[in-house]
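Spelled out from the first residue to the last, the chains are:
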Amino acid sequence: MLCLCLTVTLVLSACKNNKPSPTSEPNSTEAVTEASTEAAKTDGIDYMALVNKTHPLPENWENQLETVHMTNSVGDDVEVEKKAYDAYLKLKADLEKEGVFVDLDSARRSVADQQRIMDEFTKEYGADYAAKTVAKPGYSEHHTGLALDLYLIVDGKDIVENENMIKYTDIWAKIHQKLADYGFILRYLDGEEHITGYGYEPWHIRYLDNSDVAKEITAKGITFEEYLGAYSGGDVKIDYGSSEIYKEDELKNAVIQIKCQFAFWGNIDLKSIRYAGDEAVTKENLARMNEINPDAKYTQVAEFLMDFHTPTDVGETTLKANSDYTDYPWWLARTADGGWDIVSFGD
Ligand SMILES: [Zn+2]
C-alpha cells in the first residue's frame with residue numbers, strides 16, 4: 001500500500017526545508033505531547049486552524065482532538081477526526097450514488113509519529129539529510145486529523161498510486177464538485193504551490209466543519225491561506241522562455257519545486273519566475289552544483305530568476321523587509337533519471 005500524500009509530506013524531495021539562511025528552528029521535541037490528559041480537554045479544536053509549512057499545529061491540539069479509527073479496503077488502519085469522518089461517510093455515500101467509489105488512504109498522523117520518522121532518518125542518514133527529506137514535525141496538516149487523503153476504487157480495483165490516480169481527472173472533478181456540500185475543500189490547488197507549499201494533490205481534502213465557508217472558498221477558487229488572509233500576493237507570471245535543451249514540462253517541474261520552497265518563507269508577494277535561458281546551462285555552472293552537492297553527481301543544470309516583494313515582517317529569513325527583489329536567482333540541478341534539486345538560491 002502506497003502512502004500517497006504521506007510520501008509527499010514525509011519525503012519532501014520536491015520541497016526541501018531550507019530558509020534563505022540557517023535560522024534557529026523551534027525545538028520540535030517540545031511540541032510532542034502524545035500523552036494526552038483528559039484534564040486538558042477544553043471546548044475542542046478550531047476547525048478553521050491553518051497548518052502549513054509556516055504555521056504549526058496549534059498548541060494543545062492533540063489533547064483536544066477526538067478521533068475514530070477505520071479500516072480501509074486494503075486493510076490499513078486510518079485515524080480521522082470524529083466529525084470529519086462523519087462528513088466523509090456522507091460524501092462517500094453521495095458519490096456512490098453517481099458510481100464513484102473512494103476510500104481513505106491516510107488521515108491523521110501525530111506529531112510523535114512524524115518525530116519518530118525524523119529520528120529514524122537522522123540516525124540512518126544524518127541530521128542534514130533528515131532535515132532535507134522529512135517534513136518538520138508539527139508542520140503537516142495531517143496532524144490535525146482534518147486532512148484526508150482519498151484513493152479511488154475503479155471497476156472494483158484499488159487505485160492508490162499517485163501517478164495512477166492523477167490520471168482520473170473526470171472522477172476527481174465529480175468528487176471535487178461535492179466536497180463543499182459536506183464541509184470539505186480541496187487543499188493543494190494546481191499552480192498555487194508558492195502559497196500552499198505543495199504540488200497539486202486531487203486526493204488531499206480538508207474538513208472545515210462549515211459548508212458555507214467551504215462553498216465560498218471553492219466558488220472563489222482560492223487557497224485556504226488566501227481565505228484566511230495568510231497570503232496576500234497577486235497573480236504570478238511564469239515565463240518558460242524558449243529552450244533548446246529542456247521541454248516546457250521539465251521546466252514546469254522545476255518551477256513547482258521553486259514555488260514549494262518559496263512557500264517556506266511565508267507571506268511574500270511573488271511576482272514572477274522565469275527561466276534564465278540556455279546560456280546558464282554551462283559546464284562551469286554544472287561543476288558548481290556538483291561542488292555544492294558532491295554526492296549528487298548532477299548531469300544537468302538550470303537557472304531561474306524570480307521577482308518578489310517582501311512584507312514588513314519577514315520572519316526568520318535574512319531578506320530585507322518591505323523591499324522589491326528582482327532577478328533573484330535559483331539554481332537547480334538533476335541527474336538524467338532524477339527530479340530537480342534546488343541546489344542554491346540568492347547568489
Ligand atoms: Zn495529504
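Just above, that's the structure.
Here is what the cut-offs are and how they apply
Residues numbered from 1 in each chain as written. Predicted model: local features only at pLDDT ≥ 70, side-chain atom pairs only at ≥ 80, totals over all residues. Buried ≥ 20, exposed ≤ 12 C-beta atoms within 10 Å, placed from the backbone. Helix = DSSP H or I, 4+ residues; strand = E, 2+ residues; numbered from the N terminus. Arc of directions from axis to C-beta. Pairing = 2+ DSSP bridges. Axes fitted to C-alpha atoms, helices over the stretch in contact; angles between N-to-C directions.

*Asks:* Tell me what's going on with helix α7 (residues 169–179), and back it up with residues and numbers.
*Replies:* Within the sequence span of α7, burial applies to Ile171, Ile175 and Leu179. Summarising the axial view, the buried residues of α7 lie within an arc of 80 degrees, below the 170-degree limit, and thus occupy one face. Every exposed residue of α7 that faces more than 90 degrees away from the buried side is listed here: Thr169, Asp170, Ala173 and Gln177.

*Asks:* Tell me about unusual backbone geometry, and please be specific about residues and values.
*Replies:* One non-glycine residue, Asp209, lies in positive phi territory at about 60 degrees. Note that Asp209 resides in the loop between β7 (204–207) and α9 (211–220). Located in the positive-phi region is Asn322, a residue other than glycine, with phi close to 45 degrees. Within the secondary structure, Asn322 sits in the loop between β10 (300–309) and β11 (324–334).

*Asks:* Give a detailed account of the sheet that holds strand β9 (residues 269–275), specifying residues and quantitative values.
*Replies:* Read from one edge to the other, the open sheet built from 5 strands follows the order β8-β9-β10-β11-β12, with strand pairing classed as mixed. Of all strands in the sheet, those bounded by a partner on one side alone are β8 (237–239) and β12 (341–345). Put simply, the sheet's adjacent strands are angled 25 degrees from each other on average, direction ignored. Pairing geometry for β8 and β9, over 3 bridges, is parallel. Directly across from Ile238, in β9, lies its bridge partner Ile273.

*Asks:* So, the pairing of β10: which residues are in play, and what are the values?
*Replies:* Of the strand pairs in this sheet, β9 and β10 are connected by 6 bridges, and their pairing is antiparallel. Bridge assignment links Tyr275 to a residue of β10, and that residue is Phe304. Alignment of β10 against β11, held across 9 bridges, turns out to be antiparallel. Looking at the pairing, Val301 lines up with Ala333 of β11.

*Asks:* Let's hear about the pairing of β7: which residues, and what values?
*Replies:* In the case of a regular strand, side chains alternate between the two sheet surfaces. Residues His204 and Arg206 of β7 are buried on one face, and the alternating residues Ile205 and Tyr207, pointing to the opposite face, are buried as well. The pairing of strand β4 (residues 147–154) with β7 spans 3 bridges and is classified as antiparallel. Across the sheet, residue Leu148 finds its bridge partner in β7, namely Ile205. With 3 bridges joining them, strand β6 (residues 184–186) and β7 adopt antiparallel strand pairing. Counterpart to Phe184 in the pairing with β7 is Tyr207.

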